[in-house]
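Spelled out, the chains give:
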Amino acid sequence: MAERWLELQHGDRREVLEVAAGASGRPVYLLEKDIWVVWAIQTLFEAPIGAPLVFKGGTSLSKAYRAIGRFSEDVDLTYDIRALAPDLVADSPDALPTSRSQEQRWTREIRRRLAAWMHDEAVPFLEKRLHAAEADGGIRGEDGDLFLRYAPLGEGTGYVRPEVRLEFGARATGEPNTPMPIRCDAADHVPDVEFPTALPRVMRAERTFWEKATAAHVYCLQGRLRSERFARHWYDLARLKDAGLARRALADRETANAVVAHKAMFFREKDASGNWIDYEAAVTGGLQLVPAGDSLAALADDYARMVEDRLLLEEAEPFNVLMDTCRAIAEQANLLDC
């Protein structure tokens, strides 16, 4: 019978990870954090507390779709707005407010309810489960996110922290989604040890593509230096192109329009000139994915840091090649008849 990694002493855990590191070529600290990422998802989705949640973002592209060769350290989760605030969305078939004033009222109320759920339910639940698996660990809240801290068995350059960020949002339904299995990367290299596994509801990759593409679009139009841990979006878009998922997303106009409508209502942003960004332009021939000037330089620096800390599980392409790929995605999107 296989031994469970979480039931091993710290020295034995380290030994197992060193075996996996030797076989995979990946550092111990990334294999270890990956285990805690999967453990967090397993813990949430195996319990009733996870019933309204949907797993999304880059980590879902890596762990569920296996579409990107990047270590993704955050867990991005949507709490279905229809479950959190049924009274607010009762008369809205698309789960969107009908006016700016209504959006502001929804946002205030959703933030209040989500914060109360996190404080009263999520934190006590995760603390109890984590203490049983990692006595030296802990859960803390910060700016609406939860951070799962564990006692690290290995360390990198500092870019990757020994904690898993659980980022919750609750202004969307999380649709479309489907259940998908995920497992720890170390499991491929140490078959006689049992690692955490999970079967979460996962947002469809087409929607994740458009959420990342519109985020990159906003970055380009704003010309800001907000680039820390942001280069991952461009890398993910390029890998989605390689996997054929970007082509599917570009053809999925219903999902593209749904993302635009949602962001235009809940995530209004201004460009470098102070004008409101027109999200609809991103899906009607005006998508921008390559920034310029200092924003481009800051993005290149963040990409270099990501590569330095070995977050890419494959040989890193030069930054200019990555930008060329993203430029090609934008050109293909802008040629479509919208």
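Cut-offs used in this document
- Residues numbered from 1 in each chain as written.
- Predicted model: local features only at pLDDT ≥ 70, side-chain atom pairs only at ≥ 80, totals over all residues.
- Heavy atoms only, no water.
- Helix = DSSP H or I, 4+ residues; strand = E, 2+ residues; numbered from the N terminus.
- Rg over C-alpha atoms; globule rule 2.2 N^0.38 Å.
- Buried < 20%, exposed > 50% of the residue type's maximum accessible area, 1.4 Å probe, protein only.
- Contact = heavy atoms within 4.5 Å.
- Lys, Arg positive; Asp, Glu negative; His and termini not counted.
- Charge placed at Lys NZ, Arg CZ, Asp CG, Glu CD.
- 1 Å grid on protein atoms, 1.4 Å probe; cavity = no way out; pocket = protein on both sides within 12 Å on 5 of 7 lines; lining within 4 Å.
- Points joined across faces, edges and corners; volume = space filled by probe spheres on them.
- Nonpolar A, V, L, I, M, F, W, Y, C, P; charged D, E, K, R; others polar.
- Salt bridge = Lys/Arg side-chain N within 4 Å of Asp/Glu carboxyl O.
- Core = buried A, V, L, I, M, F, W, Y, C linked by side-chain atoms within 4.5 Å.
- Expected span 1.5 Å × (residues − 1).
- Phe/Tyr/Trp six-rings, centres within 6.5 Å; stacked < 30°, edge-to-face > 60°.

### Regarding the overall build of the chain
And then number 1: Scanning the chain from terminus to terminus reveals twelve helices and eleven strands.
And then number 2: Taking 2.2 N^0.38 as the reference for a compact globule, 338 residues should give roughly 20 Å; the C-alpha atoms of the chain span a radius of gyration of 20 Å, in line with that estimate.
And then number 3: Counting over 338 residues, the chain shows a buried share of 54%.
And then number 4: Residue pairs at least 24 apart in sequence account for 73% of intrachain contacts in the chain once pairs closer than 6 positions are excluded.
And then number 5: Across the chain, the centroid of the 43 positively charged side chains sits 4 Å from that of the 55 negatively charged ones.

### Details of empty space enclosed by the protein
And then number 1: The full count for this structure, using the stated rule, is one cavity of 30 Å³ or more.
And then number 2: Lining the largest cavity are Asp34, Thr59, Ser62, Lys63, Arg70, Phe71, Ser72, Asp185 and Leu313.
And then number 3: Considering every element that reaches the lining of the largest cavity, the biggest residue donor is helix α3 (residues 58-63), with three residues.
And then number 4: Taken together, the residues of the lining of the largest cavity break down into two nonpolar, three polar and four charged.

### Quick word on the pattern of salt bridges
And then number 1: In total, this model carries 28 salt bridges according to the counting rule given.
And then number 2: The closest approach of N and O atoms between Arg82 and Glu175, which form a salt bridge, is 3.0 Å. On the criterion of sequence distance, the pair formed by Arg82 in helix α4 (residues 81-84) and Glu175 in the loop between β6 (163-169) and β7 (177-179) is long-range, its members being 93 residues apart.
And then number 3: Assessed through its relative accessible area of 36%, Arg82 is described here as partly exposed.
And then number 4: Residue class for Glu175 comes out partly exposed when judged on its relative accessible area of 38%.

### As for the nonpolar core
And then number 1: Among the nonpolar cores identified, the biggest contains 64 residues, and Trp5, Trp36, Trp117, Leu148, Phe168 and Phe195 are the most heavily contacted of them.
And then number 2: If near-sequence neighbours (up to four positions away) are discounted, Leu148 is found in contact with Trp36, Trp39, Ala40, Leu130, Gly138, Ile139, Pro162, Glu163 and Val164.
And then number 3: The next biggest cluster of nonpolar side chains, apart from the first, holds 47 residues, and it includes Leu61, Leu237, Phe319 and Cys326.

### Focus on helix α10 (residues 253-266)
And then number 1: Here α10 is 14 residues long and its end C-alpha atoms lie 20 Å apart, about the 20 Å a rise of 1.5 Å per residue gives.
And then number 2: Those residues of α10 that are buried are in contact with α6 (100-133) and α7 (205-222).

### Notes on unusual backbone geometry
And then number 1: The step from Glu175 to Pro176 runs through a cis peptide bond, and the omega angle for that step is -5°.
And then number 2: Topologically, Pro176 is positioned in the loop between β6 and β7.
And then number 3: At Arg66, a residue that is not glycine, the phi angle is positive and equals roughly 55°.
And then number 4: Locating Arg66 in the fold gives a position in the loop between α3 and β3 (74-79).
And then number 5: A relative accessible area of 45% means that Arg66 is categorised as partly exposed.
And then number 6: Backbone geometry at Ala95 places phi at a positive 60°, although glycine is not the residue there.

### Remarks on the packing of aromatic side chains
And then number 1: Scanning the model with the defined rule gives ten aromatic pairs in all.
And then number 2: Measuring from ring centre to ring centre gives 6.3 Å for Trp5 and Trp36, while their planes differ by 70°; the resulting arrangement is edge-to-face. Of this pair, Trp5 sits in the loop between β1 (3-4) and α1 (10-24) while Trp36 sits in helix α2 (residues 28-45), and the two are 31 residues apart along the sequence. The same class applies to Trp5 and to Trp36, which are both buried.
And then number 3: Between the aromatic rings of Phe209 and Trp210, the centroid separation amounts to 5.2 Å while the plane-to-plane angle is 85°, which identifies the pairing as edge-to-face. Per residue, the accessibility class of Phe209 equals that of Trp210, and both read buried.

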